[in-house]
Amino acid sequence: MNNFELLAELLLPDIDKKPEYYENLYPARNLPEGARVTRIAPSPTGYLHLGTLFAALVNRITATSTNGVFYTRIEDTDKKREIEGGIEDIIDGLDRFGISIDEGFVSGNEQKGEYGPYQQSYRGEIYQTYVKELIRQGLAYPCFCTSNELEAVRKEQEANKIRTGYHGKWAKHRDITYEEAKALIEQGKSFVVRLKSPGNEENKIVFDDAIKGKIEMPENDEDFVLLKSDGIPTYHFAHAVDDHLMRTTHVLRGDEWISSVPKHIQLFKILGFKPPKYGHISPIMKLDNGAKRKISKRKDPEAAVHFFAEQGYDSECVIDYLMTIAASDFEDWRRCSPDASYKSFKFNLKKMSVSGALFDEVKLIDVSKNRVSKLSSGELYEKITAWAKEFDKDFYSILTKNPQYSKAVFAIDRDGVAKPRKDIAKFSEAKDYFSYLFEELYVPCFQLPENINSYDAKAFLEKYKTVYSADDDRQEWFNKIKTIAPMLNFAAETKEYKANPDAFKGHAGDLSTVLRMAITGRRNTPDLCSIMQVLGKDECIKRIDNVIISL
RNA sequence: GGCCCGGUGGUCAAGAGGCCUAAGACACCGCCCUUUCACGGCGGUAACACGAGUUCGAAUCUCGUCCGGGUCACCA
């Protein structure tokens with residue numbers, strides 16, 4: 001055995017398989033021409049956040065639109081930062097947003113597919129097999145530097161204004177011999193395995209990013225770490241091995257990875273793999289004190305996707321909003337296909353924005369209002385009760401006490417209406433919005449409109465009571481108010497009043513405001529006639545009487 | 001600091017040398033419709049970061065400046 005082979009046996013004595021074993025175990029996928037295999041590879045170091053959801057969406061729709069495969073893989077190689085329940089939160093979160101998963105982790109504790117395991121902490125032997133082969137070929141080597149030593153080197157480089165890093169003559173253990181390594185190991189020293197980079201910083205590599213286009217960068221010459229001292233691979237190495245073995249065709253990930261591409265391409269070449277097509281997604285930004293910055297899990301509540309659930313944004317609305325960021329022509333498409341699933345949208349990576357978009361909740365609200373307005377009362381009832389069950393128990397019990405009544409409430413200005421209202425963007429607004437329609441929530445708060453005195457208000461309500469009928473349709477309902485108007489010197493028609501404002505105290509509309517106030521305690525509401533029908537005669541009379549007494 | 005990427009109204013953006021007197025959407029303002037509000041309709045304010053080139057002609061191509069973002073770990 002030569003020096004390299006001895007080294008390989010010394011470092012990884014338990015590895016007895018060869019790469020060919022895995023190449024055969026995970027054969028090329030049998031997919032139609034043009035099908036793209038994409039993935040999302042989250043690390044369970046936190047909860048599902050907007051950036052991950054966005055990346056998942058882009059990957060999902062890329063696979064869908066090419067009849068490809070979208071899979072999930074858990075990158076849990078950093079055991080120190082891992083949090084409990086991270087996997088469940090991310091995978092189940094994707095499901096809540098309707099991002100279906102073809103392969104890999106399909107729920108918090110269930111994986112499927114032929115290319116697994118889909119969790120890096122269970123793939124140690126695979127990575128080590130490839131590393132061992134690299135060492136055997138003299139393309140990787142053990143490094144015994146401590147973090148203090150590395151830090152010292154970095155300081156020296158900085159002091160001399162030299163590019164920092166473990167490269168060239170700074171790569172201390174690059175040419176370590178078997179004997180040297182053996183001695184250090186016998187002393188109990190721990191080591192990492194580094195790539196013996198064949199790169200030269202003077203050379204340029206060029207690659208065509210699926211989103212950003214042509215990018216040119218210096219070749220990697222850094223002997224970066226492949227295997228950490230605990231035998232677990234770094235992201236870079238795991239990425240190369242996994243995406244090759246899982247036969248990923250397109251790696252669509254956050255653009256913070258762009259600067260690592262030279263490392264990745266180099267690795268694929270050295271390992272004899274065909275590199276995937278890369279596409280780097282611009283981050284979603286946030287305005288912070290006038291400065292744009294990447295949205296942050298720590299600082300921004302909306303970065304954690306739980307924010308949207310708590311607020312009661314419908315998951316479909318959030319996805320639609322995200323699609324408007326992902327594709328500039330999505331909004332036009334949506335206008336033409338209001339009821340279609342976003343999945344049938346013809347998505348094109350090349351059309352994605354190359355600069356990061358600011359997260360705009362105002363726009364989200366607009367998207368949501370449009371979608372929520374299209375829901376039937378039954379659908380709204382399902383969604384709101386589901387939300388309330390989790391986030392507002394009190395409201396939940398009110399809504400479910402009498403489902404028929406609740407649905408009737410939601411049907412106001414909704415079912416069978418050509419242009420439904422767009423008042424509700426998120427379900428947390430519903431409680432206040434409908435409060436006067438539920439006795440548990442209703443708080444009487446009559447206020448006299450400023451252009452009407454209490455005598456007229458009282459007179460109007462008293463007269464109205466005598467003619468009011470719960471069966472009146474909209475037309476008849478308003479006719480009755482119009483009939484009363486002249487008796488109090490109010491114009492029956494608004495036009496009449498506008499033509500001659502000095503001749504009247506106001507118009508029928510002003511009087512309806514009094515009624516509206518008496519019934520709902522608000523100046524602005526959906527159609528009052530419908531509200532009164534839902535409330536029922538007894539309740540309406542009761543509310544009117546209470547106001548009359550107070551006047 | 002080195003290396004990348006980017007810069008069109010407040011926001012998202014269309015734009016591939018003449019179709020640009022720069023589209024559309026959100027937001028904002030006004031008017032109309034109207035039982036209030038909302039919806040809807042009509043209209044309005046508002047942008048090519050700056051400077052040099054190339055060209056008959058530049059938002060578009062080149063260079064420089066400035067500004068913003070990302071990245072330089074045994075984190076992903």
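Note: the structure precedes this text.
None of these values were measured; they are calculated from a predicted model.

Reading the values: rules and limits
Residues numbered from 1 in each chain as written. Chains lettered and ligands numbered in written order. Predicted model: local features only at pLDDT ≥ 70, side-chain atom pairs only at ≥ 80, totals over all residues. Heavy atoms only, no water. Helix = DSSP H or I, 4+ residues; strand = E, 2+ residues; numbered from the N terminus. Contact = heavy atoms within 4.5 Å. Areas by Shrake-Rupley, 256 points an atom, 1.4 Å probe, with all protein chains shown as cover. Lys, Arg positive; Asp, Glu negative; His and termini not counted. Charge placed at Lys NZ, Arg CZ, Asp CG, Glu CD. Near = heavy atom within 4 Å. Nonpolar A, V, L, I, M, F, W, Y, C, P; charged D, E, K, R; others polar. Core = buried A, V, L, I, M, F, W, Y, C linked by side-chain atoms within 4.5 Å. Buried < 20%, exposed > 50% of the residue type's maximum accessible area, 1.4 Å probe, protein only. Polar contact = N/O pair within 3.5 Å; in protein donor to acceptor, adjacent residues only side chain to side chain. Arc of directions from axis to C-beta. Pairing = 2+ DSSP bridges. Axes fitted to C-alpha atoms, helices over the stretch in contact; angles between N-to-C directions. Phe/Tyr/Trp six-rings, centres within 6.5 Å; stacked < 30°, edge-to-face > 60°. Lys NZ or Arg CZ within 6 Å of the ring centre and 35° of its normal. Left-handed = near helix turned anticlockwise from the far one by under 90°. Parallel < 35°, antiparallel > 145°, perpendicular 65-115°, else oblique. 1 Å grid on protein atoms, 1.4 Å probe; cavity = no way out; pocket = protein on both sides within 12 Å on 5 of 7 lines; lining within 4 Å. Points joined across faces, edges and corners; volume = space filled by probe spheres on them. Salt bridge = Lys/Arg side-chain N within 4 Å of Asp/Glu carboxyl O.

(A) View of the overall build of chain A. Regarding its fold elements, chain A presents 23 helices and 13 strands. Across its three principal directions, the C-alpha atoms of chain A cover 110 × 50 × 45 Å. Restricting to contacts in chain A with at least 6 residues of sequence separation, those with at least 24 account for 72%. Summed over its atoms, the accessible surface of chain A is roughly 26,300 Å², and 49% of this surface lies on carbon and sulfur atoms. The positive charge centre, built from 79 side chains, and the negative charge centre, built from 85, are 3 Å apart in chain A.

(B) Representation of the protein's contact with RNA strand B. Neighbouring RNA strand B are 57 residues, the closest being Asp-78, Lys-228, Arg-421, Thr-525 and Asp-527. Contributions of two or more residues to the surface near RNA strand B are made by strand E6 (192–195), strand E8 (213–218), strand E13 (291–294), helix H12 (330–336), helix H13 (361–373), helix H19 (474–484), helix H20 (494–499) and helix H21 (508–520). Among the elements that take part in the surface near RNA strand B, E8 stands out by supplying four residues, more than any other. Here the residues of the surface near RNA strand B sort into 18 nonpolar, twelve polar and 27 charged.

(C) Quick peek at the nonpolar core. Core analysis: the biggest nonpolar cluster contains 98 residues, and Ile-99, Phe-237, Phe-308 and Phe-347 have the highest contact counts within it. Per-element accounting of this core gives the leading share, nine residues, to helix H3 (residues 50–64). Look past the residues within four positions of Ile-99 in its chain and what remains in contact with it is Leu-53, Ala-56, Leu-57, Arg-60, Phe-70, Leu-94, Ile-319 and Tyr-342. Among the nonpolar cores identified, the runner-up in size contains 53 residues, and Val-514, Ile-531, Met-532 and Ile-544 belong to it.

(D) Expanded view of the side chain of Gln-128. Note that Gln-128 resides in helix H5 (residues 124–136). Residue classification places Gln-128 among the buried residues on the basis of a relative accessible area of 19%. Within the structure, Gln-128 has its side chain in polar contact with the backbone oxygen of Gly-231 (distance 3.1 Å). With sequence-adjacent residues up to four places away left out, Gln-128 is seen in contact with Leu-12, Ile-15, Leu-227 and Gly-231.

(E) Just helix H15 (residues 393–401), in detail. Among all positions of H15, only Phe-395, Ile-398 and Leu-399 are buried. Around the axis of H15, the buried residues are gathered within 95° of arc, so they sit on the same side. Counted as exposed and oriented over 90 degrees from the buried face of H15: Lys-393 and Lys-401. Buried positions along H15 lie against helix H14 (377–391), helix H16 (403–411) and helix H17 (430–433).

(F) Up close: the sheet that holds strand E5 (residues 140–143). Overall, antiparallel pairing links the three strands, which are arranged E5-E6-E9 in an open sheet. Only two strands of the sheet have a single partner each, and these edge strands are E5 and strand E9 (225–227). Strand-to-strand twist of the sheet, defined as the mean angle between neighbouring strand axes without regard to direction, takes the value 45°. Two strands pair when backbone bridges link them, and E6 and E9 are joined in this way by two bridges, in the antiparallel orientation. Pairing of Arg-194 across the sheet is with Val-225, part of E9.

(G) Broad picture of the packing of aromatic side chains. All told, the structure shown has 22 aromatic pairs when counted by the stated rule. Among the aromatic side chains, those forming a connected cluster through ring pairs are Phe-307, Phe-308, Tyr-313, Tyr-321 and Phe-359. A cation over an aromatic ring shows up here: Arg-194 above the ring of Tyr-166, its NZ or CZ 3.7 Å from the ring centre. Lys-537 extends its terminal NZ or CZ atom over the ring of Tyr-468, reaching a point 5.5 Å from the ring centre.

(H) Inspection of helix H7 (residues 178–186) at higher detail. By the burial criterion, the buried members of H7 are Tyr-178, Ala-181 and Leu-184. Seen end-on, H7 carries its buried residues on one side only, within an arc spanning 135°. Within H7, the exposed residues directed more than 90 degrees away from the buried face are Glu-179 and Glu-186. Next to the buried residues of H7 lie helix H1 (3–11) and E5. Among the residues trailing H7, Gly-188 stands out with phi positive, at a value near 90°.

(I) Structural view of the packing of H21 against helix H22 (residues 528–535). Running from N to C, H21 and H22 point in directions that differ by 35°, and their axes come no closer than 11 Å. In the crossing of H21 with H22, the sense of the turn from one axis to the other is left-handed. Taken together, the residues of H22 that come into contact with H21 (itself represented by Ser-512, Leu-515, Arg-516, Ile-519 and Thr-520) are Leu-528, Ile-531, Met-532 and Leu-535. Looking at the contact of H21 with H22 residue by residue, the class counts come to six nonpolar, two polar and one charged.

(J) Geometry of the packing of helix H8 (residues 235–245) against helix H9 (residues 261–271). One way to put it is that H8 packs onto H9 with a least axis distance of 10 Å and a crossing angle of 55°. Judged on the interaxial angle alone, H9 and H8 are oblique. Classified by chirality, the crossing of H9 by H8 is right-handed. Counted together, Tyr-235, His-236, Phe-237, His-239, Ala-240, Asp-243 and His-244 of H8 and Lys-263, His-264, Leu-267, Phe-268 and Leu-271 of H9 form the full contact between these two elements. Partitioning the contact of H8 with H9 into residue classes produces six nonpolar, four polar and two charged.

(K) Here's a closer look at the layout of surface pockets. Quantified by volume, the largest pocket comes out at close to 1,100 Å³. Around the largest pocket, the lining is made up of 39 residues, and of these Ala-41, Ser-43, His-49, Glu-256 and Trp-257 lie nearest the centre. It is H3 that contributes the most residues to the lining of the largest pocket, five residues altogether. Of the residues that constitute the lining of the largest pocket, the class distribution is 15 nonpolar, 14 polar and ten charged. Taken together, the residues that form the lining of the second largest pocket break down as eight nonpolar, five polar and six charged.

(L) Representation of the pattern of salt bridges. On inspection of all chains with the given rule, the structure shows 50 salt bridges. Across the pair Arg-163 and Glu-201 runs a salt bridge whose closest N-O atoms are separated by 3.5 Å. Of this pair, Arg-163 sits in the loop between helix H6 (147–159) and H7 while Glu-201 sits in the loop between E6 and strand E7 (204–209), and the two are 38 residues apart along the sequence. One salt bridge in this structure joins Lys-465 and Asp-545, with 2.7 Å as the shortest N-O distance.

(M) Quick peek at the sheet that holds strand E1 (residues 37–40). Taking strand neighbours across the sheet as the criterion, the four strands line up as E1-E2-E3-E4 in an open arrangement whose pairing is mixed. Only two strands of the sheet have a single neighbouring strand rather than two, namely E1 and strand E4 (110–112). Each adjacent strand pair in this sheet contributes to an overall mean axis angle of 40°, direction not counted. Where E1 meets strand E2 (residues 69–72), four bridges bridge the pair, whose relative direction is parallel. Within the sheet, the bridge partner assigned to Thr-38 lies in E2 and is Phe-70. Running over the sheet, helix H4 (residues 86–96) touches E1, E2 and strand E3 (103–107) and is turned about 95° from E3.

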